[in-house]
Amino acid sequence: MPTRRQVIIGAAASAVSALAPSAPAIARAKPKVVIVGGGAGGASVLNLVSAVARGALDITLIEPQRALTTCYYSNLHLGGVREMETLRFGFDAIAARPGVSVVHEAAAAIDSGKREVRLTNGAVVAYDRLVLSPGIALDYASVPGWSREAEDAMPHAWTAGAQTALLKRRIDAVPDGGLIVMIAPPNPYRCPPGPYERASMMAQALTKASKTRARIVILDAKDKFSKQPLFQQGWEQHYPGMIEWQPPAVHGGVKGVIAATMSVETDFETYRDAALVNVIPKQTAGRIAIEAGLTGANGFCPIDPFTMKARGHNAIFILGDACDGGDMPKSAFSANSQAQVVAEAIAHELLGGAAPQIAYRNKCWSLIAPGDSVFVGGEYEPTEAKIREKAGEISGLRDTPETRRTNAEDSEGWYAGLTSTLYL
Ligand code: FAD
């Protein structure tokens, strides 16, 4: 399994060779590439395509936020391990690249027949190829009693920024002996180990504040979860008695929440006067993908595993959390890996570069405590039906503390490498 550096450097190198445009292609009018969403998926495509097109493409990034906070690593802020400012990135460096324009608006509608995107301000942007990486939408109705209005009282922090800062303040205000209830989502969702890393980081913040009598109850929609034995071992070791995980067979189902009384009702028990309720709801592809009719039965967008194109669409690519990535988990690492296929396909079609080399990969680290990081990784291949896992790796229960520390360093290196490549 390659390291983070090998992946990023290898990606750039293979993309450069595959994308190298032929001279006659450059002589024609500039083809238009429109990218919706400047997060991990969209910014990765932009980075790769703009680097090799060197001005030969007219690239427009549509992204409403002027600065974004990465969801990846936001749990570390909750644990008091990272400052929020280190997770925020603007788009100035992207806007300075040759041939790139950044428009800070949201895409409101897609007309795939006319190959146009309409923005919320009414402007219309034409495309030859459209890349959609709008991330997720939260299904507010999936937890009875919860709503957009209730998200201040019971934050989700599953999109990062103001919600992350709010959740951090609320964790810090939990008294010793206080109760935190986390509602964990059903599959598929953004970052499978994310809720459990978050519980670890909540316990870390409480422990650092000497509030070890506080309790975190996770009411899960799933019978099992990513890296479960590793997390449960780590919880015993670092935070004994603080984190209780309940599968549906134990709680019987979440019946509803009441923000006014900070209550969570399950089939088995009602939790009242919780100091904090963190609702992580069911998720779907971002709204623009739903409204464009690109989502399937599970709320995410079916794609051609060989090209990352939306099924049935020749000029629209969908990657990142919004797509149905088969066996690939929804992660920034996956989105970056998918971006290489998208970028190579675009260069192949618009600039006469080589056909895409397909090598999907993922590696997700989770911090259980400072210096104690575990990972899960995989290599994937396209098949007609889906992107399928062909090899996997995972941290061991008997790894030495030194190995865990090295994992933490690798993870830091991955974050710094990815974000500086994309935004700085
Ligand atoms: P995003 O990064 O969310 O980007 C989507 C962008 O699209 C946003 O900037 C949004 O403003 C924009 N957008 C949305 N709608 C529109 C529209 N209509 N018009 C224009 N723009 C629009 N992944 C890892 O690899 N490693 C980790 O350790 C990790 N930890 C995580 C921890 C947590 C708590 C969470 C929640 C996630 C974590 N992830 C991690 C997952 C990672 O954040 C996502 O998988 C990744 O950000 C997905 O990239 P994306 O481009 O699909 O979506």
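What counts as what
Residues numbered from 1 in each chain as written. Predicted model: local features only at pLDDT ≥ 70, side-chain atom pairs only at ≥ 80, totals over all residues. Heavy atoms only, no water. Helix = DSSP H or I, 4+ residues; strand = E, 2+ residues; numbered from the N terminus. Buried < 20%, exposed > 50% of the residue type's maximum accessible area, 1.4 Å probe, protein only. Contact = heavy atoms within 4.5 Å. Areas by Shrake-Rupley, 256 points an atom, 1.4 Å probe, with all protein chains shown as cover. Lys, Arg positive; Asp, Glu negative; His and termini not counted. Charge placed at Lys NZ, Arg CZ, Asp CG, Glu CD. Polar contact = N/O pair within 3.5 Å; in protein donor to acceptor, adjacent residues only side chain to side chain.

1. Here's the deal with the overall build of the protein
At step 1: Scanning the protein from terminus to terminus reveals 12 helices and 24 strands.
At step 2: Judged by the C-alpha coordinates and their principal axes, the protein covers about 70 × 50 × 40 Å.
At step 3: Classification of the 424 residues of the protein by burial places 55% in the buried group.
At step 4: Sequence-distant contacts, at least 24 apart, represent 68% of the contacts inside the protein between residues at least 6 apart.
At step 5: In the form shown here, the protein has an accessible surface area of approximately 16700 Å², with 51% of it arising from carbon and sulfur atoms.
At step 6: Looking at charge distribution, the protein has the averaged site of its 42 positive side-chain charges lying 3 Å from that of its 42 negative ones.

2. Description of the environment of Phe-91
At step 1: Locating Phe-91 in the fold gives a position in the loop between β4 (88-90) and α5 (92-95).
At step 2: When its relative accessible area of 2% is taken as the criterion, Phe-91 is described as buried.
At step 3: Sequence spacing of Phe-91 and Tyr-423 is 332 residues, and the spatial spacing of their C-alpha atoms is 6.4 Å.
At step 4: Sequence-distant contacts of Phe-91, defined by excluding residues within four places in its chain, comprise Gly-38, Leu-61, Glu-63, Gln-65, Arg-66, Ala-67, Leu-68, Val-102, His-104 and Tyr-423.

3. Notes on the side chain of Arg-404
At step 1: Among the secondary structure elements, Arg-404 is positioned in helix α12 (residues 401-423).
At step 2: Judged by relative accessible area, which is 7%, Arg-404 ranks as buried.
At step 3: In terms of polar contacts, Arg-404 uses its side chain to reach the backbone carbonyl oxygen of Gly-396, at 3.2 Å.
At step 4: Discounting chain neighbours no more than four positions away, the residues touching Arg-404 are Leu-230, Gln-233, Gly-371, Asp-372, Ser-373, Val-374, Gly-396, Leu-397 and Asp-399.

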